[in-house]
Structures are given as C-alpha cells and as structure tokens.
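Fold and geometry: a report
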2 protein chains.
Amino acid sequence: MQDTDRDLLPEGLEDRLPRDAAAAARVTRAVLDVLDSHGYDRVQPPTIEFEKSMASRMAGVQPRRMFRFVDPASLRTLALRSDMTVQVGRIAATALAQHARPLRLCYAGQVVTIKGDGLDPTRERLQLGAELIGNDSVAAAGEVLAVALEALTAAGAKGLSVDFTLPDLVDALAAEAMPLDPEAIEAVRRELDAKDAGGLVAAGGQAYLPLLAAIGPFAAAVEKLAAFDKSGVLAGRIAALHTIADRVGSLARLTLDPSERHGFEYQSWFGFTIYAEGLQGAVGRGGSYAILGSGTETEPAIGFSLYPDDLIDALAEAEPRADTLFLPLDYNAEVAARLRAIGWRTVAALSAACEPVALGCTHRLDGTEVVRL
Amino acid sequence: MQDTDRDLLPEGLEDRLPRDAAAAARVTRAVLDVLDSHGYDRVQPPTIEFEKSMASRMAGVQPRRMFRFVDPASLRTLALRSDMTVQVGRIAATALAQHARPLRLCYAGQVVTIKGDGLDPTRERLQLGAELIGNDSVAAAGEVLAVALEALTAAGAKGLSVDFTLPDLVDALAAEAMPLDPEAIEAVRRELDAKDAGGLVAAGGQAYLPLLAAIGPFAAAVEKLAAFDKSGVLAGRIAALHTIADRVGSLARLTLDPSERHGFEYQSWFGFTIYAEGLQGAVGRGGSYAILGSGTETEPAIGFSLYPDDLIDALAEAEPRADTLFLPLDYNAEVAARLRAIGWRTVAALSAACEPVALGCTHRLDGTEVVRL
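Residues numbered from 1 in each chain as written. Chains lettered and ligands numbered in written order. Predicted model: local features only at pLDDT ≥ 70, side-chain atom pairs only at ≥ 80, totals over all residues. Heavy atoms only, no water.

An unreviewed UniProt entry lists chain A under the name ATP phosphoribosyltransferase regulatory subunit, with Novosphingobium ginsenosidimutans given as the organism.

In structure tokens form, the structure reads like this:
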C-alpha cells in the first residue's frame, strides 16, 4: 500500500531531501556570512505573531495572504509570517529603538503564504535579507545593493542583473512639473506599470508617454529619462541612479524601468529587482521605505530580500558530495575522531550487513589508513 | 506613545536580538557540523503539513498541542509543526523509502506549540536532532547518544549528564516473569513513573517495588536492577545499558531511572534524557522507536532531539563580540574587501554623522592601516 493519504504534502509545500537541503544550508551560510562581514547583525523574530503587528507596520503586507488562526491564550488573531521584513521593522522600532543609527540587521527564515503566486503554487519560501535602518541615502542604497550582489555571488549565483525603478516617480512629477488630477494619479501609475500607451493617454497621462521609452539597458534608458525631465524635478534621482550604477556596474548588468510599480507599492524613492542567469523570475528585490515607529513617526530604511529557492534547486544538481569514510565494525574510535577533526565525514558500520558503497561511502578505514573504495 | 498594541508579541513568543541570534546561529552550526561529520544527511520538511500526517505516523504526537487551521486549497486541516521527528519519519517512510539502511538523517528548525509546557510559557522552540532509521541495535544506541553528547559539547554545553530509562520495562516484565492483569499494567506504569510506593502496592504492583530503588548513579542502580531481575528477562537490556555506558561514560555523568515513562510514551526499549550544568530542565532526549511505513509495517529507528534555547540564552551572555572595523567615508573599497576576505567585519560610514564607537566598532581603517579605537 503506497501513497496513502497520510503520506501526502499539501499543495505548494515540499520537503528538501538531502542534496537540496545541503544546497540550502550552503547558500544560507554563504549569504549570512557576507551580511555579517558587512556589519549586519542577525535577528530572529518568531514564526507567528499577532496579525495586527504583521499587517499594520508597513504598507504592502497583505493580511489576506497569511494563514491566520485564533490564539487560545489571548483570543486574538495570530498569523504565520509571510514576510520577515515587517518583523525586522518591528524589532527596529521597539526593542532596538534606542540603538545607534544606522542600524544594520539581517535575517533568514521560512515564510508561508496561504496561496501561491500566480501560476507558481509554492506556498513556503526561504527568505534571506538585510535592512539598513535610519538612513535611505544614496550611499545606503549603494551599500545595500552591493551587499546583495556580493551575497548572491558568494552563494553561487551567476550572470546577475539588476533592474532599477523609481517607485514614487509619478507622485514626484505630478506634485510639481507635470500636474495630474488627484483621481488620475492612480490610473496613470497603473497604465505606466502595464506599459499601456493607449491606456495612459486615455487616463490623461499623455505627457508621461516618453517614460515608456526610458526602459532598458541602464545607460541609454537613464539618458532618455534625463531628456524627458525638462523641469529638473528628477535631477536628484537621476544623479543617485548614476552613483549607484557606478558602484555596482561591475557586479551586474543594469537596466532601468523607472515607472515599474508592481511589488514596490511600499517603496519610496528607490527600488530594484535582481535576476540571475538560468533562473526564472526574480531572485531578490529591495528598495527604500519607511518604518512606522511606536507612535506615528516614521524612520527611513533601505534593504533587500532574497528568495533563493530556485537558485538552491539549480545548485543542488551540482552540489558536491563530500568524500565519506566507511568505518568498519572494529574501527579505532580515536583514529576516526582525528580524521573527523581534519574534515572527514564518517559513516560507522552498525552490523556486518552494512555495505559501504550502498551507504554512499567513497573511502574505507583500514586500521589507521584511508583507502579509496 | 510607547508600547502600542501593535508592538506586543503573543505570550510565549520572543524575538532573538543580535547577541542571542548570534549564539543561536553558532550553536546550530556547531551541532549540524558534528551531525554531518558522522554521516547524518540534513533534510528540511515544511513548516506546516496536513494535521493527519503529523498526528498519525507516530504515537506520542498530540494534535491538541498544535496550532491547526483549514487549508483553503484542500479544505483539509493543516497544523503548524510541533515536532520535526515525525516529519523526518514521514520522509524516511516515503521519499527515502528506497534508500539503503541504516539511513542517517538530521534536521534543524523552529517548532511551535499552542500552549507552553507546565509553568514555562514558551511556545516556540528550536529543535535540532538526528535519526538513525532501520536499526535500533545497541550499537545504534551507542552511536546516537555519543553523537548527541559530542554535538552538545561542540555547541558549548558543559557538565553533561545522561539519565537512561527502559520505556517498555513493565511490558517486558509483565509479559513473562512478573505477570500483571492487563488492566493493572497501565496503573503500575503510572505509579512507577510517579515513584509512588504506596500507589504501586495498591495497583497490584508489589513485586515491582524494588525498581523504585534501582534509581540513581548508573553503576549502583544497574546493579540493583540486575539483582531485581531474578528471572533474567532483563539480561539483554542490562547488557545493552552496560555497553552504551562504556561508550559514553567518558562524555557524561550517567544515571539510571529504569521505570521513567514521562515523555517516552512512544519509545521502545531504550530512552535517555540529557542535562547540562547550569540549565534547568533537559537539553535533549531520545531513544528507540518505530516508524510507521506507507502501509502497516513499521521500521525500527533511534534518534534524539535537542532543545538548545536555554543553552543559547546562557551562552549569549558570553558570546564574543567580533572585532569590527569602521570604514570612514573615503575608504578604499579594495582594501576593505581584502580585509573582509581575511575575516574582518566592517561597518561603512554613510555620512559624517556616523560615529564608530556608537556603531559598535573596535577598529578604524586609516588609509590601508587598521587602527584600534
């Protein structure tokens, strides 16, 4: 009797078997080691929290995407985390409110959503990230993006590319140089995001049409953006993009999509999406945003999240198998301990039936000698 | 306005702040590295599963202790995991059913219960462990316990002690040498577990009274157990205990409590609890058990789980703070990268207002030179 009900996993949830789990552990360590080397302190929020904490501190977190249930202790609604950024924001605004700024924090953990994303049924993902709190300057943006790319490279990602965006672009333009009716702003944003020229004109955004041409490889696109910005409202943002591009241009291919909004609803002046060769979809994204403090005041922040599951799957196929040393029944425990201390992985026989090759061993211990199988 | 509702965490759930999180990461890595060096392959089951999968594969997992909620995709009940052992059992019985035995697996992750344990309100814990599947022999027991103790030592635990138990002792005795009415067996077990001599006699277990004296330091207690075992029914178990004690006696202080049942309800012939100096409560426990396969057949297994949260809290106070190098505004990026490559942790200035000491730095970069602050 195979595959009984008891054996199934719910849709969008998976086990990581040994090769995958080894790749996941290696990628996680590589990323966290890079973040630590740049001064980002790890924090670890709980797996579940009050729904209200998760939902109210930052725009852009949708309670409807979270598994929610009642806490018998408090009779309040709890949620399984779908995003750790908002939890790190809470920590920065409460327990670490008195720490010197800028505050550099990082995190790693599993996040779960109640539904998959579009066609992808995956409901649990590994999220790794870093947040720089108290500063969302151009220097902060450059650091955060450079650290993200270094971390991905250390994890084994190849052929990185970064797509820049300016999430509050339409608001900035509409407020000064290119006024729009308040009710038209959202429509213009939407049509720009959809890259729909006809819809943009119909929404009253004819003047914004040139933005749809300022998309593509960074150097050419930013030039078109500058040409479009006759009023100079965007001059500061354009200079910032150049500074960031100079800093990370050797680490990734750069593109610009200034009016991309999707997924950047809670970002302020700067956003980015990171892609890697051979992987469908983004491997990471980030940008500047505001954290709500204990009261109504906010604090600027900038950070990124990596979702390396696809990278892990791709790397798992080539995950090196460690040499493994079979210890026969009568092995010398001290010799085995010495070999482990210099990096050997051992598998001890428990009975005469233990077969070294079937158990994945590449070598066997013969007295004090290591012999290749 | 401080401490609004939004800032609170539910009872029994906590953030790990930087020092604690660093200690947790170090302990986790140390334990997993030891398990890997002994040939235990990491697996990573999902955070949530069907309640039925979690509850039905092993006795001893109580669905009532898990957060449960309905899956809108399947309309079935899901549960947040409260124990990873049962998930690893599922993996061994399904995806890895065809792998050679013995199968060595390990895991690390957060587990959540709906209620705390007795007076301890903690509802989320870190669980680390290893399972040896397909073999629950004396050799397997010795390996598993030795690996657990080595892992705890590597993690920084001191003054380890191990309390042995024989979970199916009463069943074994009642079946052969010391018959009990079937309805008396459970009562005798309970009174032995409670160490209640009066209750034991009342339950019809007078003959079992000497077991209450066979408790304490291993050498003396096992001698009393042997003296009590006139029929020789326990001879095999007693010899096994001696073999295991010989193997791990140099790693921990050993005690015996042969009739302890609490927490070992699903263990078969052998169980153990691990304590460490300075920590209240057990830091780990383990033993032999049976995994239910896809059908009705079972497979022997032996393993352990560590719950190192208290150890982490204790170690966090002494967690060494890494030397941290302040990079002034005009720092040379190549010099900084070279220093990180040899192990330096850096914190870059983002503005003239960044103050090295407030940011936790111990050194600063002056041109190409590292200067202590």
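1. Comments concerning the interface of chain A and chain B
Definition in use: Residues count as neighbours in contact if any of their non-hydrogen atoms are within 4.5 Å of one another. Buried area counts how much accessible surface, traced with a 1.4 Å probe, disappears from two parts once they are put together, with both parts' losses summed. We define a salt bridge as a side-chain nitrogen of Lys or Arg found within 4 Å of a carboxyl oxygen belonging to Asp or Glu. As used in this structure description, the phrase polar contact means that two N or O atoms lie within 3.5 Å; if the pair is within protein, one of them must be able to donate a hydrogen and the other to accept it, and residues adjacent in sequence are counted only when both atoms belong to side chains. Helix numbers and strand numbers start at the N terminus; a helix is a DSSP run of H or I with at least 4 residues, a strand a run of E with at least 2.
Contacts between the two partners involve 89 residues from chain A, matched on the other side by 89 residues from chain B. On the chain A side of the contact with chain B, R6(A), Q44(A) and L350(A) bury the most area, a combined 11% of that side's loss. Our count for the chain A to chain B interface comes out at 10 salt bridges. Note that D33(A) and R29(B) form a salt bridge whose closest N and O atoms lie 3.0 Å from each other. There are 27 residue pairs in polar contact (both at pLDDT 80 or more) connecting chain A and chain B. Residue contributions to the side of chain A that touches chain B peak at 9 residues, all from helix α1 (residues 18–37) of chain A.

2. Here we look at helix α3 (residues 85–93) of chain A
All names here are of chain A. Applied cut-off: Burial classes follow relative accessibility: with a 1.4 Å probe on protein chains only, a residue under 20% of its type's maximum area counts as buried, one over 50% as exposed, and anything between as partly exposed.
Here α3 lies mainly inside the structure; 9 of its 9 residues are buried. T85, V86, Q87, V88, G89, R90, I91, A92 and A93 are the residues of α3 that are buried. Those residues of α3 that are buried lie in contact with β2 (48–50), α2 (51–56), β5 (103–112), β6 (124–133), β11 (284–292) and β12 (298–306).

3. With respect to the pattern of salt bridges
Under the defined criterion, the tally for this structure stands at 34 salt bridges over all chains. As a salt-bridge pair, D71(A) and R123(B) come within 2.7 Å of each other at their nearest N and O atoms. Of the two residues, D71(A) sits in the loop between β3 (68–70) and β4 (77–80) while R123(B) sits in the loop between β5 (103–112) and β6 (124–133), which places them in two different chains. With a relative accessible area of 0%, D71(A) lands in the buried category. Judged by its relative accessible area of 3%, R123(B) is buried. R68(B) serves as the salt-bridge partner of E51(B), at 3.0 Å between the closest nitrogen and oxygen. A residue pair is termed long-range when its members are at least 10 positions apart, and E51(B) in helix α2 (residues 51–56) and R68(B) in strand β3 (residues 68–70) qualify at 17 residues. Looking at E51(B), the relative accessible area reads 18%, which means it is buried. A network of salt bridges, in which partner residues are shared, links D15(A), E49(B) and R90(B).

4. Considerations on the UniProt feature "binding site: L-histidine" (unreviewed entry) in chain A
Residue and element names in this part refer to chain A. So the rule is basically this: UniProt positions are given in the numbering used here, feature names are shortened, and annotations may be inferred rather than shown by experiment.
Mapped onto the present numbering, the UniProt feature "binding site: L-histidine" (unreviewed entry) falls on D83, M84, T85, Q127 and E131. Across 49 residues of sequence, these annotated residues stay compact in space, with a maximum C-alpha separation of 13.1 Å. By the element assignment, M84 lies in the loop between β4 and α3. Residues in contact with M84, not counting those within four places in the same chain, are P45, Y107, A108, G109, V111 and Q127. Beyond its immediate stretch of four places on either side in the chain, Q127 contacts D83, M84, T85, Y107, A108, G109, V111, S305, L306 and Y307. Separated by 2.8 Å, the side chains of Q127 and D83 make a polar contact.

5. Details of the pairing of strand β7 (residues 161–165) of chain A
All names here are of chain A. Our working definition: When DSSP finds two or more bridges between a pair of strands, those strands are recorded as paired.
β7 sits mainly inside the fold: 5 of its 5 residues count as buried. In β7, alternate side chains face the same way, and those of S161, D163 and T165 on one face and V162 and F164 on the other are all buried. Bridge analysis of β7 against strand β9 (residues 253–256) gives 4 bridges, and the strand direction is parallel. Across the sheet, residue D163 finds its bridge partner in β9, namely T255. Pairing analysis gives 5 bridges linking β7 to strand β10 (residues 271–275), with the strands arranged antiparallel. Paired with D163 across the strands is T273, a residue of β10.

6. A short note on the relation of the copies chain A and chain B
We apply this condition: Least-squares fitting of one copy onto the other uses the C-alpha atoms of those residues that reach a pLDDT of at least 70 in both copies.
Laying chain A over chain B is done by rotating through 180° and shifting 0.0 Å along the axis; what remains is an RMSD of 0.0 Å. Given the turn and translation reported, the copies of this chain are related as if by a two-fold rotation axis. Residues of chain A ranked by C-alpha distance from the rotation axis are headed by F69(A), positioned 3.2 Å from it. Comparing interface residues between copies, 100% of those in chain A also sit at the interface in chain B, which points to an isologous, same-surface contact.

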